Amino acid sequence: MKYLRGRIERLQWRKLKAIIAHAHATVPYYRDLFSRHHLKPEDIRCFQDLKKIPLTSKKDIVSLDRSRITSDAVAPDDRYEMRTSGSTGEPFRFFLDTAYGKQVGLDCIRSKRLHGLRPTDKILRVGGDGP
């Protein structure tokens, strides 16, 4: 069991490092944040080093132009706008890439089928603004 835990932790670390590198390379806000604090993705070598990255709050980014928090790696034609419900008082608007949206849609269909539903079955959703 310990062996499996170690493999999972190494996988989590590789994926987290990839996200940090991607954000630094393609998102202007994170590139500037790292620069202001004299950080590079390579400076984050272990989980404890995550403390070096300043926390970002919704308040920090809600007033920014969305181009500052959007990855340059996704072309404008390959993304669509989403927003949160605003349950904290102010909805947050952001982009998702269309490939991700398609994957979510396919996951939804798969989940329905696993529960004995057809993709065309009606579902009552109670709550905030979801996809």
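Since the structure is predicted, the reported quantities are computational estimates derived from the model, not experimental observations.

Draft legend 1. Main features of the packing of helix α1 (residues 2-26) against helix α2 (residues 28-36). Closest axis-to-axis distance for the α1/α2 pair is 5 Å, and the angle between their directions is 100 degrees. With respect to α2, the axis of α1 lies roughly perpendicular. Across from Ile 20, Ala 23, His 24, Ala 25 and Thr 26 in α1, the residues of α2 making contact are Pro 28, Tyr 30, Arg 31 and Phe 34. Taken together, the residues of the contact of α1 with α2 sort by class into 6 nonpolar, 2 polar and 1 charged.

Draft legend 2. Up close: the layout of surface pockets. As a volume, the largest pocket reaches approximately 350 Å³. Residue lining of the largest pocket: 16 residues in total, with Ile 19, Ala 23, Val 27, Tyr 30 and Ile 69 positioned closest to the centre. Within the residue set of the lining of the largest pocket, elements represented by two or more residues are α1 and α2. Considering each element in turn, the lining of the largest pocket owes the most residues, 5 residues, to α1. Here the residues of the lining of the largest pocket are counted per class, giving 12 nonpolar, 4 polar and no charged. Of the pockets and cavities examined, the second largest pocket occupies roughly 220 Å³. His 22, Ile 69, Thr 70, Ser 71, Val 74, Arg 79, Phe 94, Phe 95, Leu 96, Asp 97 and Tyr 100 are the residues that line the second largest pocket. Top element by residues in the lining of the second largest pocket is strand β2 (residues 93-97). It accounts for 4 residues. For the lining of the second largest pocket, the class distribution of residues is 6 nonpolar, 3 polar and 2 charged.

Draft legend 3. Broad picture of the nonpolar core. Core analysis: the largest hydrophobic core is formed by 11 residues, namely Trp 13, Ile 20, Val 27, Tyr 29, Leu 33, Phe 34, Leu 39, Ile 44, Ile 53, Ile 61 and Phe 92. Elements represented by at least two residues in this core include exactly α1 and α2. For this core, the element with the most residues is α2, which contributes 3 residues. Val 27 has contacts with His 22, Arg 68, Ile 69, Thr 70 and Ser 71, leaving out every residue within four places of it along the chain.

Draft legend 4. Focus on α2. Those residues of α2 lying buried are Pro 28, Tyr 29, Leu 33 and Phe 34. Against the buried residues of α2 lie α1 and α3 (58-62). Where α2 ends, the next residue or the one after it, His 38, has phi of about 55 degrees, a positive value.

Draft legend 5. Fine view of the environment of Leu 39. For Leu 39, the position within the fold is in the loop between α2 and α3. Residue classification places Leu 39 among the buried residues on the basis of a relative accessible area of 10%. Measuring from C-alpha to C-alpha, the distance between Leu 39 and Ser 63 comes to 24 Å, with 24 residues separating the pair along the chain. Residue contacts for Leu 39: discarding those within four places in its chain leaves Phe 34, Lys 52, Ile 53 and Pro 54.

Draft legend 6. Quick look at a positive patch on the surface. Among the surface-exposed residues, Arg 7, Arg 10, Arg 14 and Lys 15 lie close enough to one another that they form a single positively charged patch. Here Arg 7 lies in helix α1. Residue Arg 7 is classed as partly exposed on the basis of its relative accessible area, which comes to 45%.

What counts and what doesn't
Residues numbered from 1 in each chain as written. Predicted model: local features only at pLDDT ≥ 70, side-chain atom pairs only at ≥ 80, totals over all residues. Heavy atoms only, no water. Axes fitted to C-alpha atoms, helices over the stretch in contact; angles between N-to-C directions. Helix = DSSP H or I, 4+ residues; strand = E, 2+ residues; numbered from the N terminus. Parallel < 35°, antiparallel > 145°, perpendicular 65-115°, else oblique. Contact = heavy atoms within 4.5 Å. Nonpolar A, V, L, I, M, F, W, Y, C, P; charged D, E, K, R; others polar. 1 Å grid on protein atoms, 1.4 Å probe; cavity = no way out; pocket = protein on both sides within 12 Å on 5 of 7 lines; lining within 4 Å. Points joined across faces, edges and corners; volume = space filled by probe spheres on them. Core = buried A, V, L, I, M, F, W, Y, C linked by side-chain atoms within 4.5 Å. Buried < 20%, exposed > 50% of the residue type's maximum accessible area, 1.4 Å probe, protein only. Patch = residues over 30% accessible without salt bridge, like charges linked within 9 Å, V, L, I, M, F, W, Y side chains within 5 Å. Areas by Shrake-Rupley, 256 points an atom, 1.4 Å probe, with all protein chains shown as cover. Salt bridge = Lys/Arg side-chain N within 4 Å of Asp/Glu carboxyl O. Lys, Arg positive; Asp, Glu negative; His and termini not counted. Charge placed at Lys NZ, Arg CZ, Asp CG, Glu CD.

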